[in-house]
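Structural characterization, general
What follows is the residue order along each chain.
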Amino acid sequence: MSDLLVVGSVALDSVKTPFGQGTEVLGGSATYFSYAASFFTQVRLVAVGGEDFPVEHLDLLRERQVDLTGLQRAQGRTFRWTGEYGYDLNEAKTLDTQLNVFADFSPHLPEHYRRPNFLFLANIDPRLQLEVVRQVERPRLVAMDTMNFWITGKRQALERTMGEVDALIINDGEARQLTQEPNLVKAAEAVLALGPKLVVIKRGEYGALLFAYGNFFFAPAFPLASVLDPTGAGDSFAGGFMGALARAGDIDEASLRRAVVYGSVMASFAVEDFSLRRLTRLRPEEIEERYKAFQDMVTFA
Ligand code: AMP
């Protein structure tokens with residue numbers, strides 16, 4: 001089993017959707033990512049929590065054998081994000097972002113974290129993403145995510161980080177914002193010009209597009225009758241995608257295509273409930289069942 005290293009946020013999220021709300025529930029890009037990826041491979045996490053981060057949240061990740069040696073606890077408050085969704089669940093409206101302990105965080109990777117096969121730079125300050133890239137021996141694949149907060153606030157650092165990664169996994173609105181290009185094919189080409197060799201553009205309920213090795217691949221999103229909270233869909237997608245690649249130990253085109261479908265499978269579970277609730281009820285057989293259902297859904301004679 002190949003191992004997978006992730007740096008990103010662990011958070012307390014306050015989220016409101018038309019179907020309910022959660023206050024200071026467990027969230028964060030690295031949290032969703034590592035939980036989803038843990039169904040596929042050994043995951044090691046780098047992040048920082050504050051003094052107020054509830055310890056029982058760590059048990060959830062420990063139960064999934066996520067290595068938390070690189071999760072520091074710092075003096076101060078945990079990162080907090082407050083967001084809201086309307087009936088169009090594809091776009092989160094950020095109401096408040098409090099970096100708190102992430103503002104002064106400088107990761108120092110434990111020795112056994114420094115040779116990962118796969119590295120994911122989940123959504124967080126691009127300066128921190130780069131600090132992690134600089135501390136590891138060259139992995140098979142380095143991928144990253146980002147969001148509007150960093151595209152507008154830390155553009156220069158973001159471009160520097162993008163220059164050092166193999167893949168960008170990003171949602172459609174952010175791809176357009178990053179490249180100033182409304183057409184997604186052109187946006188993907190513009191991303192490739194910034195450094196990455198692979199691009200995955202996530203389109204919420206409209207599926208995900210892969211641009212790799214000069215070809216396109218598209219997977220729809222799984223049609224769900226009930227979506228309660230889209231928070232974490234992007235990170236769970238990335239967890240399924242990177243986890244599946246790490247498990248396969250390969251990044252050829254067929255493996256990438258299968259990884260996009262596993263990403264879509266994990267995102268489809270994440271949105272069925274608030275916070276990590278659905279993921280924590282997930283059985284490994286359900287992942288394979290839904291993967292098969294995806295296959296059936298797109299097959300025609
Ligand atoms: P997504 O998978 O795109 O829905 O990401 C949702 C997660 O991103 C939430 O659990 C938030 O805690 C986290 N998040 C929101 N804003 C930021 C930010 N500026 N930096 C890092 N993480 C963030």
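Coordinates for the structure precede this section.
Quick caveat: nothing in here was measured; it's all calculated off a predicted structure. (Residues numbered from 1 in each chain as written. Predicted model: local features only at pLDDT ≥ 70, side-chain atom pairs only at ≥ 80, totals over all residues. Heavy atoms only, no water.)

**A short note on the overall build of the protein**
- Helices and strands together make up the secondary structure of the protein, namely 11 helices and 13 strands.
- For the protein, the C-alpha radius of gyration of 17 Å lies close to 19 Å, the compact-globule estimate for 301 residues.
- Along the first, second and third principal axes, the C-alpha atoms of the protein reach 60 × 40 × 40 Å.
- For the protein, buried positions account for 57% of its 301 residues.
- When contacts within the protein are restricted to residue pairs at least 6 apart in sequence, long-range pairs at least 24 apart make up 65% of them. (Helix = DSSP H or I, 4+ residues; strand = E, 2+ residues; numbered from the N terminus. Rg over C-alpha atoms; globule rule 2.2 N^0.38 Å. Buried < 20%, exposed > 50% of the residue type's maximum accessible area, 1.4 Å probe, protein only. Contact = heavy atoms within 4.5 Å.)

**Structural notes on the site of the ligand**
- Looking at the ligand, there are 19 residues lining it, with Ser9, Asp13, Gly28, Gly232 and Asp235 nearest.
- At 2.9 Å, a side-chain N or O of Ser9 approaches a nitrogen atom of the ligand.
- Taken by itself the ligand offers 510 Å² of open surface, and the protein chains cover 90% of this.
- Here the shell around the ligand takes three residues from helix H8 (residues 233-248), the largest share from any one element.
- Residue classes in the shell around the ligand are distributed as 10 nonpolar, seven polar and two charged. (Near = heavy atom within 4 Å. Polar contact = N/O pair within 3.5 Å; in protein donor to acceptor, adjacent residues only side chain to side chain. Areas by Shrake-Rupley, 256 points an atom, 1.4 Å probe, with all protein chains shown as cover. Nonpolar A, V, L, I, M, F, W, Y, C, P; charged D, E, K, R; others polar.)

**Concerning the packing of aromatic side chains**
- All told, the structure shown has 11 aromatic pairs when counted by the stated rule.
- Geometrically, the ring pair formed by Tyr262 and Tyr291 is stacked, given 4.2 Å between the ring centres and 15 degrees between the ring planes. Here Tyr291 lies in helix H11 (residues 284-297) and Tyr262 lies in helix H9 (residues 253-270), a separation of 29 residues in the sequence. The residues Tyr262 and Tyr291 share a single accessibility class, namely buried. (Phe/Tyr/Trp six-rings, centres within 6.5 Å; stacked < 30°, edge-to-face > 60°.)

**Here we look at the sheet that holds strand S12 (residues 208-212)**
- The sheet built from nine strands is open, its strands ordered S5-S4-S1-S8-S9-S10-S11-S12-S13 with mixed pairing. The open sheet terminates on both sides in strands that have one partner only, identified here as strand S5 (67-73) and strand S13 (215-219). The sheet shows a mean angle of 15 degrees between the axes of neighbouring strands, direction not considered.
- Sheet topology places strand S9 (residues 141-144) next to strand S10 (residues 167-171); two bridges connect them, and they run parallel. Considered in S10, the bridge of Ala143 is made with Ala167. (Pairing = 2+ DSSP bridges. Axes fitted to C-alpha atoms, helices over the stretch in contact; angles between N-to-C directions.)

**Considering H11**
- For H11, spanning 14 residues, the distance from its first C-alpha to its last is 20 Å, which sits close to the expected 20 Å at 1.5 Å a residue.
- Turning to H11, its buried residues are Glu286, Ile287, Arg290, Tyr291 and Phe294. For H11, the angular spread of the buried residues around the axis is 140 degrees, confining them to a single face.
- Packed against the buried residues of H11 are H9 and helix H10 (277-280). (Expected span 1.5 Å × (residues − 1). Arc of directions from axis to C-beta.)

**Focus: the packing of helix H3 (residues 126-133) against helix H5 (residues 155-162)**
- In contact at an axis separation of 8 Å, H3 and H5 are set at 30 degrees when each is read in the N-to-C sense. Taken together, H3 and H5 sit at an angle that is classed as roughly parallel. Pair H3 / H5 crosses with left-handed handedness. Contacts from Pro126, Arg127, Gln129 and Leu130 in H3 reach Ala157, Leu158, Arg160 and Thr161 in H5. (Parallel < 35°, antiparallel > 145°, perpendicular 65-115°, else oblique. Left-handed = near helix turned anticlockwise from the far one by under 90°.)

**Things to note about the pairing of strand S4 (residues 42-49)**
- With respect to burial, S4 is a largely interior element, seven of its eight residues being buried.
- Pairing of strand S1 (residues 3-7) with S4, which is carried by five bridges, proceeds in the parallel orientation. Within S4, the residue paired with Leu5 across the bridge is Arg44.
- Across five bridges, the pairing between S4 and S5 is parallel. The partner of Ala47 across the bridge, within S5, is Leu71.
- Running through helix H2 (residues 55-63), the crossover from S4 to the neighbouring parallel element S5 is right-handed. (Right-handed = clockwise from strand over helix to strand, strands pointing away.)

**Quick notes on the sheet that holds strand S7 (residues 93-98)**
- Strand order in the open sheet formed by four strands is S3-S2-S6-S7, and the pairing between neighbours is mixed. Among the strands making up the open sheet, the edge pair consists of strand S3 (20-27) and S7. Ignoring strand direction, the axes of neighbouring strands in this sheet form an average angle of 10 degrees.
- Here strand S2 (residues 11-17) runs beside strand S6 (residues 79-84); their pairing, made up of six bridges, is parallel.

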